[in-house]
Amino acid sequence: MAIWVSSDWHCDPGGLKQAVMEWINRGKAGGHRLIGDGDLFDILLLGRMLFQNAASVEQLATLLDGYPFDYVAGNHDPYNIVRKIMASYTNITMHRQLRIEENGRRYFLTHGHRWAVDWGFLRLRHIAPRLVETMVNVASGPWYWLCRRVGWLASRPAAGAPAGKELQRINKLIRVIWAGASHHALKQDCCVILGHTHA
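When helices and strands are tallied, the protein shows 7 helices and 7 strands. Counting helices and strands in the order they occur from the N terminus, the protein gives β-α-β-α-α-β-α-β-β-β-α-α-α-β. In the protein, which comprises 199 residues, the proportion classed as buried is 47%. Of the contacts formed within the protein by residues at least 6 apart in sequence, a portion of 66% connects residues at least 24 apart. Just so you have it, the protein exposes about 11,000 Å², and 54% of that area is on carbon and sulfur atoms.

Shown next, in the form of structure tokens:
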């Protein structure tokens with residue numbers, strides 16, 4: 001048995017993507033531990049009401065057919081919201097983050113958005129992850145507006161606009177996230193597994 005981790009499916013309420021269904025079927029056939037590492041569904045972007053009894057959520061449950069599945073919440077599918085949506089599926093275990101010890105190795109799974117704010121220069125790096133998690137769960141709309149406004153989060157480019165500066169900002173944010181993950185790995189003596197960066 002191996003540990004299989006996948007993230008950033010960004011499925012809408014209408015159904016799962018073909019690649020996701022293949023991943024689940026192959027993982028089940030091999031008897032592997034399946035872990036979804038956040039942003040499996042675009043709940044925040046499309047609205048939580050669309051995901052109540054959504055075909056994509058029901059399709060996930062049907063495809064799993066009781067097979068155990070660990071679901072680590074992301075920024076598009078915050079823990080407090082997705083926990084309620086998945087509450088009736090006892091084989092799906094929800095996590096804010098997940099720690100695993102396997103064959104003497106320690107793993108820390110998180111979606112990664114907890115490190116999406118670069119506050120290292122203010123010596124506030126130790127509180128940024130908790131703040132980001134809290135704001136995504138409690139006040140996601142105002143939080144994303146503020147993050148785009150101050151440049152912590154890439155904004156959507158205007159149609160036809162060149163990607164130059166926006167791409168530089170995205171690359172900088174990815175470096176900040178990986179720096180946060182590396183810092184955590186060294187401090188906690190573990191391997192960090194994350195999504196969020198689509199890399």
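Residue position: Gly-14 is located in the loop between β1 (3–6) and α1 (18–29). Note on Gly-14: relative accessible area 61%, which makes it exposed. When the C-alpha positions of Gly-14 and Ala-54 are compared, they lie 6.8 Å apart, and in sequence the two are 40 residues distant.

One way to put it is that α1 packs onto helix α3 (residues 55–64) with a least axis distance of 10 Å and a crossing angle of 20°. The angle between the axes of α1 and α3 places the two elements in the roughly parallel class. Remark: the crossing between α1 and α3 carries right-handed chirality. Contacts from Met-21, Ile-24, Asn-25 and Lys-28 of α1 reach α3 at Gln-59, Leu-60, Leu-63 and Leu-64.

Each value, and the rule that gives it
- Residues numbered from 1 in each chain as written.
- Predicted model: local features only at pLDDT ≥ 70, side-chain atom pairs only at ≥ 80, totals over all residues.
- Heavy atoms only, no water.
- Helix = DSSP H or I, 4+ residues; strand = E, 2+ residues; numbered from the N terminus.
- Buried < 20%, exposed > 50% of the residue type's maximum accessible area, 1.4 Å probe, protein only.
- Contact = heavy atoms within 4.5 Å.
- Areas by Shrake-Rupley, 256 points an atom, 1.4 Å probe, with all protein chains shown as cover.
- Axes fitted to C-alpha atoms, helices over the stretch in contact; angles between N-to-C directions.
- Parallel < 35°, antiparallel > 145°, perpendicular 65-115°, else oblique.
- Left-handed = near helix turned anticlockwise from the far one by under 90°.

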